[in-house]
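Here's the letter readout for the chains.
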Amino acid sequence: MPGVETLNFDSPEETRAPEKTRVDVVRAGNTTAARMVLEPGWVWSECVKPVAGTDSCQARHVGFVQSGTLHVTHEDGSEADLTVGDAYVIEPGHDAHVVGDEQFVAYEFEPRAAEEY
């Protein structure tokens, strides 16, 4: 593997597109990263739950918000709005929805979530 490698989310190795969702995946060595684009009206329990087959999202998310707002509700009772410039960690056991009329765009760096989400 080269000492410096660049990857471009506009030329992803893989794209997944459940309802109102686009996940572009890039890989370099042991690293996997994803760009998530969630459309207005996106709700995890409506758009991804049918694909995931679990009652709540069981992925751990680590990322950075580029645009939009996502409201996350965790089964432990905590909740937060993720918005532009926020770095975040979301533990398994949550639901979420896009707030407002703007796409939510985030970059994820948790390899398992990027591979499986």
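All of these numbers come straight from a predicted model, not from anything done at the bench. (Residues numbered from 1 in each chain as written. Predicted model: local features only at pLDDT ≥ 70, side-chain atom pairs only at ≥ 80, totals over all residues. Heavy atoms only, no water.)

Help me out: how do you make sense of the pairing of strand E5 (residues 69-74) in this one?
Successive side chains on a regular strand alternate, one facing one side of the sheet and the next facing the other. Within E5, 5 of the 6 residues are buried, which leaves it mostly tucked inside the rest of the structure. Strand direction decides the pairing type here: E5 and strand E6 (residues 79-83), joined by 5 bridges, are antiparallel. Across the sheet, the residue bridging to Val72 is Ala80, located in E6. By the bridge criterion, 6 bridges tie E5 to strand E8 (residues 94-99) in an arrangement that is antiparallel. (Buried < 20%, exposed > 50% of the residue type's maximum accessible area, 1.4 Å probe, protein only. Helix = DSSP H or I, 4+ residues; strand = E, 2+ residues; numbered from the N terminus. Pairing = 2+ DSSP bridges.)

When you look at the sheet that holds E6 in this model, what are you seeing that I'm missing?
Across a sheet, paired strands are connected by hydrogen bonds in the backbone, their directions being either parallel or antiparallel. One open sheet accounts for 3 strands, arranged E6-E5-E8; its pairing is antiparallel. Where the open sheet ends on each side, the last strands, each with one partner, are E6 and E8. Mean inter-strand twist for the sheet, computed between neighbouring axes without regard to direction, equals 20 degrees. (Axes fitted to C-alpha atoms, helices over the stretch in contact; angles between N-to-C directions.)

Any chance you could explain the pattern of salt bridges here in plain terms?
Opposite charge on two side chains allows them to pair when their charged atoms are near. Counting across every chain of the model gives 9 salt bridges. Between Arg22 and Asp24 there is a salt bridge; the shortest N-O distance is 3.1 Å. Under the relative-accessibility criterion, Arg22 is labelled partly exposed at 33%. The salt bridge partner of Lys49 is Asp55, with a shortest N-O separation of 4.0 Å. For Lys49, a relative accessible area of 31% gives the class partly exposed. (Salt bridge = Lys/Arg side-chain N within 4 Å of Asp/Glu carboxyl O.)

Would you explain the environment of Val48 in this entry?
By secondary structure assignment, the location of Val48 is in the loop between helix H1 (44-47) and helix H2 (49-52). It is 12 Å that separates the C-alpha atoms of Val48 and Glu116, two residues lying 68 residues apart in sequence.

Sorry, what's going on with the sheet that holds strand E4 (residues 61-67) here?
With antiparallel pairing, 6 strands are arranged side by side in an open sheet as E1-E2-E3-E9-E4-E7. One side of each edge strand has no neighbouring strand; the edge strands of this open sheet are strand E1 (14-16) and strand E7 (87-90). Along the sheet, successive strands turn relative to each other by an average axial angle of 25 degrees, direction set aside. Pairing between E4 and E7: 4 bridges, direction antiparallel. Its bridge partner lying in E7, Gly63 is registered against Tyr88.

Is there a simple way to think about the environment of Lys49 in this case?
As for its position among the elements, Lys49 is in helix H2. Ignoring any residue separated from it by four or fewer positions in sequence, one finds Lys49 in contact with Trp44, Thr54 and Asp55. (Contact = heavy atoms within 4.5 Å.)

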